[in-house]
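Below are the chains, spelled out letter by letter.
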Amino acid sequence: MKNRFDSFHSYTNSYKIKMRYSQSLIPTLKETPAEAEVVSHRLLLRAGFIRKLSAGVYSYLPLGLAAVRKVEQIVREEMNRAGAQELLMPMVQPADLWRETGRYEKYGPELLRFRDRHDRESCLGPTHEEVITDLARREIRSYRDLPKNLYQIQTKFRDEIRPRFGLMRGREFIMKDAYSFDVDDTQAGVAYQRMYEAYQRIFSRCGLEFRAVDADTGTIGGNFSHEFMVLADTGEDTLVICSSCDYASNIEKAAIAASDADESPLLELEKVETPGKRKVAAVCDFMEIKPSELVKTLVFLADGNPVAVLVRGDREVQAVKLKNLLGAVEVEMADDKQVYEATGVPTGYLGPVNIKIKLLVDQEVAGMKNFVIGANEKNYHLKNVNMGRDFEPSAVADLRQITRDDPCPICGAGLGLKEGIEVGHIFKLGTGYSQAMEAFFQDSDGQEKPMVMGCYGIGVSRIVAAAIEQNHDDNGMIFPMPLAPMQVILLNLGISDEHITATAESLYQELLNKGVEILLDDRDERPGSKFKDADLLGIPLRITVGKRLTKDGVVELRQRRDGTTEELTPEQVSARVLDLIAAKMISE
Ligand code: ATP
Ligand code: MG
């Protein structure tokens, strides 16, 4: 079926790239840059794709930009196909717009704020809900103007607390962000589903191994969201995946079902001397108990305010669950000094009985009886402590991190954990922004109603890094064909040999004419270093024109991923190359 958005395709001409190595800026490095901790960062620097300007801020050199453009092209095609329209919004945004939603105060230090020459407060856009909602309230009046889905591909700035891993977590980075506006929840659900499917197509077409998971909604707010995760060991996120049903969630969000409460009778509270025993393991050894019979009291600073959280001795607090419960912008673990300042108790001996700060209890602890916990006194713990009798919490909630030993919250089967890189995030926003900013429309019944919104992000520059994390070997990157900055690298190994050079040049022209994206290595370099650079750059197909041409009339065609090599006459090359490219381009 022809859809009415087909016409958008025509202006997105595909981005064809050709280069002569001798004239290009491809500053490859032999040494591994010391500052790079993950493989994509190392290889992007070594292959001359990016250069750092300042922390988390990079220039994209020609090959790096070519890879970014490949991602953008796929994203554009699929967004257009899904009925979204491209626009471009300003990067510099007035603070007053952000005040309307309360986010100027709430967003925290990631929002870079400054004043212009007229002393007007401004910020650099980390995301564009405010700007797009402002546009919508001015331009969209009636249900007849809806639905709308608008997107842009643009540089974002977030003053990240820990910029690292090169393009993976920059302060300046390229994002695709889309925003949908609908008349009601049902229609907004349709828009969300359409974006979910577009995202599936985008990441499949990029040639990435990925998974969509249930996600936390963070500062953006709203009540429904999925993250798209590229599976890779270096991922900063952990995914929880059910071995049986299709449940998959970010660990930050994975809910834990309440377990049965222990019904044992309450024993008498005892104070036990535990000299120098501060750590869970030391206390357990000393008292001959298991970590699951002890409860830890951990102190966090939520936007600077101390709060104590009780979890079982062998569990971890999930900071995002805590942050959401408290409605805080930033939550961090307090250090020893901060714990002492807040409670008057040295770390290791803290407990809930007569504690001086706000006390939250993980639901699992609420079901425990007669546990061991700090006595709020140096060198002492309490035994047979019970909630309700010995202390009262401010709240009980699901605050701990799920483990691989917990049952699936949906079907009860076993869980697996995997590392992932978040490359996309979609949210149902509801009417939070449209209500705060009065983005109303007149419905068919004549009533004024707030537009129902959704927002949809893709980390365009992060995808390039994620693709490399998933596709590399000891010699360099191995680009999936759809994201490769070019499809073919052609090595001329006989610069001063007329026949070799003439053949290489004519193959270059022929392939260019057939629409192949190609890098001709016409440098006066030794074969060894040309081979090394070709491997490092990760270009999927390599053609070598060298001595075998003079001797046997053949050139070599090699696939970067598995090293498959074929010998072909120059006449056979272009047909074979086109076949291989077609086979490796993923169209849904
Ligand atoms: P993260 O949890 O990694 O900080 P986020 O939830 O803040 O991501 P969103 O606000 O949903 O991210 O932004 C949309 C997309 O932009 C993300 O899915 C991610 O791919 C990308 N992105 C976010 N922050 C960065 C960054 N600092 N550098 C590169 N890409 C980023
Ligand atoms: Mg973030």
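Going by the structure above, here's the rest.
Analysis parameters
Residues numbered from 1 in each chain as written. Chains lettered and ligands numbered in written order. Predicted model: local features only at pLDDT ≥ 70, side-chain atom pairs only at ≥ 80, totals over all residues. Heavy atoms only, no water. Salt bridge = Lys/Arg side-chain N within 4 Å of Asp/Glu carboxyl O. Buried < 20%, exposed > 50% of the residue type's maximum accessible area, 1.4 Å probe, protein only. Near = heavy atom within 4 Å. Polar contact = N/O pair within 3.5 Å; in protein donor to acceptor, adjacent residues only side chain to side chain. Areas by Shrake-Rupley, 256 points an atom, 1.4 Å probe, with all protein chains shown as cover. Helix = DSSP H or I, 4+ residues; strand = E, 2+ residues; numbered from the N terminus. Nonpolar A, V, L, I, M, F, W, Y, C, P; charged D, E, K, R; others polar. Pairing = 2+ DSSP bridges.

Draft legend 1. Spotlight on the pattern of salt bridges. In this structure the tally under the stated criterion is 49 salt bridges. The salt bridge involving Asp445 is made with Lys449; its shortest N-O contact spans 3.3 Å. In this structure, the salt-bridge partner of Glu510 is Lys514, at a minimum N-O distance of 3.4 Å. On the accessibility criterion, Lys514 (44% relative accessible area) is partly exposed. Each of the salt bridges in this network shares a partner with another, and the network as a whole consists of Asp96, Arg99, Glu105, Arg115, Asp119 and Glu121.

Draft legend 2. Seen up close, the site of ligand 1. Around ligand 1, the structure places 14 residues, and the nearest of them are Arg158, Glu160, Arg169, Gly170 and Glu422. Arg158 has a polar side-chain atom sitting 2.9 Å from an oxygen atom of ligand 1. In the model, an oxygen atom of ligand 1 is placed 2.6 Å from a nitrogen or oxygen of the Glu422 side chain. Compared with its free state, where it exposes 580 Å², ligand 1 has 86% of that area covered by protein. Those elements that provide at least two residues to the shell around ligand 1 are strand 9 (172-182) and strand 22 (415-430). A per-element tally of the shell around ligand 1 places strand 22 first, with four residues. Within the shell around ligand 1, the residues separate by chemical class into five nonpolar, four polar and five charged.

Draft legend 3. Representation of the pairing of strand 19 (residues 371-374). Bridge analysis of strand 19 against strand 20 (residues 380-385) gives three bridges, and the strand direction is antiparallel. Bridged to Gly374 within strand 20 is His381. Connecting the antiparallel pair strand 19 and strand 20 is a turn made up of five residues, with Asn376 showing a positive phi of about 60°.

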